[in-house]
Amino acid sequence: MTRIDGRDSAQLRPVTITIDYLDYAEGSVLIETGKTRVLCAATVEEKVPPFLEGKAQGWVTAEYNMLPRATHTRSARERSGRVSGRTQEIQRLIGRSLRAAVDMQLLGPRTITLDCDVLQADGGTRTAAITGAYIALHRACSLLLKQGLLAQHPLHTAVAATSVGIVGGDLMLDLCYAEDSRADVDFNVVMTSGHDFVELQGTGEGGVFGRSTMNALLDLAEQGITELLARQQQYLAL
């Protein structure tokens, strides 16, 4: 079927990736998936959270934010320490997804924070953030390697994410907002370059779904993520 934006049901939105978008971050990427735009910036700090002190390993974490006019109407700006439950959920998802790619022992006693700021939202902001933040993280680690601060690159796999769902009875890949808002079933899927799952978030928004339907959705997500992983490879600095 032809979708709202003219795509086929199994087609990703156009993906544009701009590396080194910021001058000062150790790694930065602007990722655009259709009308969704997310700026991902990696910051390296030579310290770790208190629970990791003395353990000779590093940490990777993420923060997520949506600019007030990222959507059709203005949203109140979230303040530090007073973020919404949705924001907390998304930034924890991004952090977990990226940590799956990192050997913390090789990273050493330092923290890399990925700031993911949504400039414009049209569905799939969390999955775009994960896909873009991985590139920013990889480039930051590559910089540490070039500077002689790392003996070996600490990333052992790539990570990318996309959404899938059922809209009007049809299985669709990479939902825009108009599709996501009326989806009967909605999944966010995170996978590694080895095609292992990092995380699945699946919900029957307007109904239930069976095992065969879930398998078909995951196959569709894997197809899209395979394309995203190939795109990522073009922007990884070694």
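Parameters at a glance
Residues numbered from 1 in each chain as written. Predicted model: local features only at pLDDT ≥ 70, side-chain atom pairs only at ≥ 80, totals over all residues. Heavy atoms only, no water. Helix = DSSP H or I, 4+ residues; strand = E, 2+ residues; numbered from the N terminus. Contact = heavy atoms within 4.5 Å. Buried < 20%, exposed > 50% of the residue type's maximum accessible area, 1.4 Å probe, protein only. Patch = residues over 30% accessible without salt bridge, like charges linked within 9 Å, V, L, I, M, F, W, Y side chains within 5 Å. Areas by Shrake-Rupley, 256 points an atom, 1.4 Å probe, with all protein chains shown as cover. Salt bridge = Lys/Arg side-chain N within 4 Å of Asp/Glu carboxyl O. Lys, Arg positive; Asp, Glu negative; His and termini not counted. Charge placed at Lys NZ, Arg CZ, Asp CG, Glu CD. Axes fitted to C-alpha atoms, helices over the stretch in contact; angles between N-to-C directions. Parallel < 35°, antiparallel > 145°, perpendicular 65-115°, else oblique. Left-handed = near helix turned anticlockwise from the far one by under 90°. Nonpolar A, V, L, I, M, F, W, Y, C, P; charged D, E, K, R; others polar. Core = buried A, V, L, I, M, F, W, Y, C linked by side-chain atoms within 4.5 Å. Pairing = 2+ DSSP bridges.

A. View of the environment of alanine 100. Following the sequence through the fold, alanine 100 ends up in the loop between α1 (85-99) and α2 (104-107). Alanine 100 sits 134 residues away from glutamine 234 along the chain, and the two C-alpha atoms are 21 Å apart. Look past the residues within four positions of alanine 100 in its chain and what remains in contact with it is His156, Thr157 and Val198.

B. View of the environment of threonine 127. Inspection of the secondary structure assignment puts threonine 127 in helix α3 (residues 125-146). On the basis of relative accessible area, threonine 127 is assigned to the buried category, the value being 4%. In sequence terms threonine 127 and valine 190 are 63 residues apart; their C-alpha atoms lie 7.7 Å from each other. Ignoring any residue separated from it by four or fewer positions in sequence, one finds threonine 127 in contact with Ala161, Thr162, Ser163 and Asn188.

C. Fine view of a positive patch on the surface. On the surface, Arg74, Arg77, Arg79 and Arg82 cluster together into a patch of positive charge. On the secondary structure map, arginine 74 appears in the loop between β4 (59-66) and α1. Given the relative accessible area of 55%, arginine 74 is considered exposed.

D. A look at the packing of α1 against α3. Running from N to C, α1 and α3 cross one another at 40 degrees; their axes reach a closest spacing of 10 Å. Overall, the two elements α1 and α3 adopt an arrangement that is oblique. Classified by chirality, the crossing of α3 by α1 is right-handed. Here Arg86, Glu89, Ile90, Leu93, Ile94, Ser97 and Leu98 of α1 lie close against α3, whose contacting residues are Thr125, Arg126, Ala129, Ile130, Ala133, Tyr134 and Leu137. Looking at the contact of α1 with α3 residue by residue, the classes come out as nine nonpolar, two polar and three charged.

E. Local environment of the nonpolar core. With 59 residues, the main nonpolar core has Val60, Ile94, Ile112, Leu114 and Leu137 as its most contacted residues. It is α3 that provides the largest number of residues to this core, a total of 11 residues.

F. Just the sheet that holds strand β9 (residues 197-203), in detail. Taken in spatial order, the four strands make up an open sheet running β7-β6-β8-β9, and their pairing is antiparallel. One side of each edge strand has no neighbouring strand; the edge strands of this open sheet are β7 (170-173) and β9. Ignoring strand direction, the axes of neighbouring strands in this sheet form an average angle of 15 degrees. Pairing of strand β6 (residues 159-167) with β7 involves four bridges; the strand directions are antiparallel. Residue valine 167 lies in a different strand from β7, and its bridge partner there is aspartate 170. In the packing of α3 onto the sheet, the strands contacted are β6, β8 (185-192) and β9, and the crossing angle to β6 comes to about 160 degrees. Sheet strands in contact with helix α5 (residues 211-233) are β6, β7, β8 and β9, and its direction is about 140 degrees off that of β6.

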